[in-house]
Amino acid sequence: MLPDFDLLEDIERKIQPGSQQTDFLDALIVCMDVIKQETVGKKFEKRHIEVFTDLSSPFSKDDLGTIINNLKKSGISVQFFLPFPVGKEDGTADRQDGSMHSDHQGPSFPLKGITEQQKKGIQVVKEVMMSLEGEDGLDEIYSFSESLRQLCVFKKIEKSSMRWPCELTIGSNLSIKIVAYKSILQERLKKHWTFVDARTLKEEDIRKETVYYLNDDDETEVSINDTIQGFRYGSNIVPFSKVDEKQMKYKVEGKCFSVLGFCRSSQVQRKYFVGDKVLKVFAAKGDEAAAVALASLIHALDELDMVAIVRYVYDKRANPQCLMYVQLPFMEDLRQYMFSSLKNNKKYTPTEAQLNAVDVLIDSMSLVKKDEEENIIEDLRSPAATAARLGYVLQLVLDMTNVLLTKCLLHRALHPQEPLPPIQQHILNMLDPPSEVTLNCQVPLSEIKTFFPLTEAIKRKDQVTAQNIFPDK
């Protein structure tokens, strides 16, 4: 059964818990058989089984070896979801179910309230996952409450970045075959909105019709073939036909990655970084000459602390916009603002005590703790630290805008008459600073209040006008 909204509705409304016992290993066999039948002759990025069980029913291990071998042979991945947490040691859990840890590490304690049958099931589940993925397989065993949090935070497996082959040219005589991959890309959720009839919820019941009229007394109808685009310039409208638009387009012969020149890296400030992606550039695979040439260029740029300014054209249909490529702005993209200097204004010059108070506050809120020799002794930004604090790895967090939108769409699809659900607490917790930082900054904050006292601004009296003195009768 392929996942879709019908399946979700069946699970939520039709499937009810029962008392019949089932063998979860038999369920794996059934799942493999269904996947084989449904995917024969078709291409899929991934084939996956998720097993939800409490392990309380009897099972037979007679076919366990065959099941594991068939899972490996068919390339099917497996995840287990249990009502209790399972650690890496026999009969133990590594955290309380409901805590915010998700890195499967930490002190172990005995599982309470589980039966001998469930303990046997845990051993089999661990054997299956260890056989499929080794020690990492144990990280694919989740408790129910943990999985609910992670389903709202973690993203599905990404497709591998598509390679972009091109030639890096320097002048007219030097050409290096390269291949570039997208290292960082701002991903925007594709909103496939459409209009449907409010009663039938069918798109075909909506008819769209656009009619053009002249702005005259008779409102004369005009055919779309008799219209062209117009560009408003002040109070005038400049006609701009399809022919003009075609002639205006920048014409390029094809893809391009050409060096325009070099400059000091200090001249390319971070504030000039624009665009929505970062490209990592490598030499073409199997081309030793290109690898040597590109390595020489990279070492030279690094030793001289310089960067290359390149002209990048994705293909002949694109306009121009490294080795890591970061897009830079054109002149019209810059916004020049003039502000008065804070250094030369005696009215706003802070005292030494005020500067020290701010320094102490910044140090107290630092996410990186260092010793006297500037060695990092604790990093609250690390994956382990964020996982221990929030229950997720910060580097794997999704854009919450996309998470909330998809969650609301799912709720609306399954419950069209109910109001949208509130934002879950663990998502709101992502906006809070670490508890250590909140605790450490309390004293410095109180000093900030002392050195920077706030006074209530008294509202100025309204200006008295003749209208106030001589009101209309």
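On a predicted model such as this, the values are computed, not experimentally measured, just so you know.

The next subject is the sheet that holds strand E1 (residues 47-52). Note: strands within a sheet are paired through backbone hydrogen bonds, in either parallel or antiparallel orientation. On the basis of which strands lie adjacent, the open sheet formed by three strands has the order E1-E2-E5 and parallel pairing. For this open sheet the edge positions go to E1 and strand E5 (141-143), each flanked by a neighbour on one side alone. On average, each strand axis in the sheet is tilted by 25° relative to the strand beside it, whichever way the strands run. Both strand E2 (residues 76-82) and E5 contribute to a ladder of three bridges, which runs parallel. Within E5, the residue paired with Phe 81 across the bridge is Tyr 142. Lying on the sheet, helix H4 (residues 116-133) is in contact with E2 and E5; it crosses E2 at an angle near 150°.

Another aspect to go through is the pairing of strand E7 (residues 174-185). Where strand E6 (residues 164-170) and E7 come together, seven bridges link them in antiparallel fashion. Looking at E7, one finds that Glu 167 is bridged to Lys 177. Counted between consecutive antiparallel strands, the loop separating E6 from E7 contains three residues, among which Gly 171 sits at a positive phi close to 70°. Here E7 runs beside strand E13 (residues 274-283); their pairing, made up of seven bridges, is antiparallel. Residue pairing for E13: Val 179 is matched across the bridge by Phe 282.

Put simply, helix H8 (residues 352-364) and helix H13 (residues 442-451) touch, their axes get as near as 9 Å, and they point 155° apart. When the axis of H8 is compared with that of H13, the two are roughly antiparallel. Seen from above, H8 lies across H13 with left-handed handedness. Between H8, through Ala 353, Gln 354, Ala 357, Val 358, Val 360, Leu 361 and Ser 364, and H13, the contact on the second element is made entirely by Pro 444, Leu 445, Ile 448 and Phe 451. For the contact of H8 with H13, a count of residues per class yields nine nonpolar, two polar and no charged.

So, about the confidence of the model for the protein. Detailed reading of the predicted coordinates is not advisable wherever pLDDT is low. Confidence in the prediction for the protein averages 78 pLDDT; 80% of positions are at 70 or higher. Looking across the protein, the model is least confident in strand E4 (residues 109-110), with a mean pLDDT of 42, and most confident in H13, with 92. Overall, residues 90-110 carries pLDDT values under 50, and its contacts beyond four positions in sequence, including any with other chains, amount to 66 contacts. Note that pLDDT drops below 50 for residues 389-393; the model gives that stretch 25 contacts with residues more than four away or on any other chain.

Counting through the fold element by element, Gln 354 comes out in helix H8. A residue is classified by how much of its surface remains accessible, and Gln 354, at 16% relative accessible area, is buried. Excluding its chain neighbours within four sequence positions, the residues that come into contact with Gln 354 are Phe 451 and Phe 452.

With that settled, the discussion passes to the packing of aromatic side chains. Under the counting rule described, the total for this entry stands at nine aromatic pairs. The interplanar angle of 85° and the centroid separation of 6.1 Å between the aromatic rings of Phe 24 and Phe 80 together place this pair among those described as edge-to-face. Of this pair, Phe 24 sits in helix H2 (residues 24-39) while Phe 80 sits in strand E2, and the two are 56 residues apart along the sequence. You can call Phe 80 buried: its relative accessible area is 0%. Taken together, the ring pairs in this structure connect Phe 52, Phe 81, Tyr 142 and Phe 144 into an aromatic cluster.

Turning to the pattern of salt bridges, a few remarks are in order. In this structure the tally under the stated criterion is two salt bridges. Glu 209 is paired through a salt bridge with Arg 207; the nearest N and O atoms lie 3.6 Å apart. Exposure class is identical for Glu 209 and Arg 207. Each is exposed.

As a further point, take the nonpolar core. Counting residues in hydrophobic clusters, the biggest one holds 27 residues, and the most contacted among them are Phe 24, Leu 25, Leu 28, Ile 49, Val 78, Phe 80 and Ile 141. Among the elements of the structure, H2, E1, helix H3 (64-74), E2 and H4 are those that each provide at least two residues to this core. With residues up to four places along the chain from it excluded, the contact list for Val 78 reads Leu 28, His 48, Ile 49, Val 51, Leu 71, Met 129, Leu 132, Glu 133 and Glu 140.

There is a patch of like positive charges on the surface, built from Lys 242, Lys 246, Lys 249 and Lys 251. Locating Lys 249 in the fold gives a position in the loop between helix H6 (242-248) and strand E12 (256-264). Its relative accessible area of 53% is what places Lys 249 among the exposed residues.

Another aspect to go through is H2. Over its 16 residues, H2 runs 22 Å from end to end, which matches the ideal 22 Å to within 8%, given 1.5 Å per residue. All of the buried residues along H2 are Phe 24, Leu 25, Leu 28, Met 32, Ile 35 and Thr 39. For H2, the angular spread of the buried residues around the axis is 105°, confining them to a single face. Away from the buried face of H2 by more than 90 degrees, exposed residues Val 30 and Gln 37 are located. Close packing links the buried residues of H2 with E1, H3, E2 and H4. N-capping of H2 is provided by Asp 23, with a side-chain oxygen placed 2.9 Å from the backbone N of Leu 25. Just downstream of H2 lies Gly 41, where phi reads positive at about 75°.

What counts as what
- Residues numbered from 1 in each chain as written.
- Predicted model: local features only at pLDDT ≥ 70, side-chain atom pairs only at ≥ 80, totals over all residues.
- Heavy atoms only, no water.
- Pairing = 2+ DSSP bridges.
- Helix = DSSP H or I, 4+ residues; strand = E, 2+ residues; numbered from the N terminus.
- Axes fitted to C-alpha atoms, helices over the stretch in contact; angles between N-to-C directions.
- Contact = heavy atoms within 4.5 Å.
- Parallel < 35°, antiparallel > 145°, perpendicular 65-115°, else oblique.
- Left-handed = near helix turned anticlockwise from the far one by under 90°.
- Nonpolar A, V, L, I, M, F, W, Y, C, P; charged D, E, K, R; others polar.
- pLDDT = per-residue confidence, 0-100.
- Buried < 20%, exposed > 50% of the residue type's maximum accessible area, 1.4 Å probe, protein only.
- Phe/Tyr/Trp six-rings, centres within 6.5 Å; stacked < 30°, edge-to-face > 60°.
- Salt bridge = Lys/Arg side-chain N within 4 Å of Asp/Glu carboxyl O.
- Core = buried A, V, L, I, M, F, W, Y, C linked by side-chain atoms within 4.5 Å.
- Patch = residues over 30% accessible without salt bridge, like charges linked within 9 Å, V, L, I, M, F, W, Y side chains within 5 Å.
- Areas by Shrake-Rupley, 256 points an atom, 1.4 Å probe, with all protein chains shown as cover.
- Lys, Arg positive; Asp, Glu negative; His and termini not counted.
- Charge placed at Lys NZ, Arg CZ, Asp CG, Glu CD.
- Expected span 1.5 Å × (residues − 1).
- Arc of directions from axis to C-beta.
- Polar contact = N/O pair within 3.5 Å; in protein donor to acceptor, adjacent residues only side chain to side chain.

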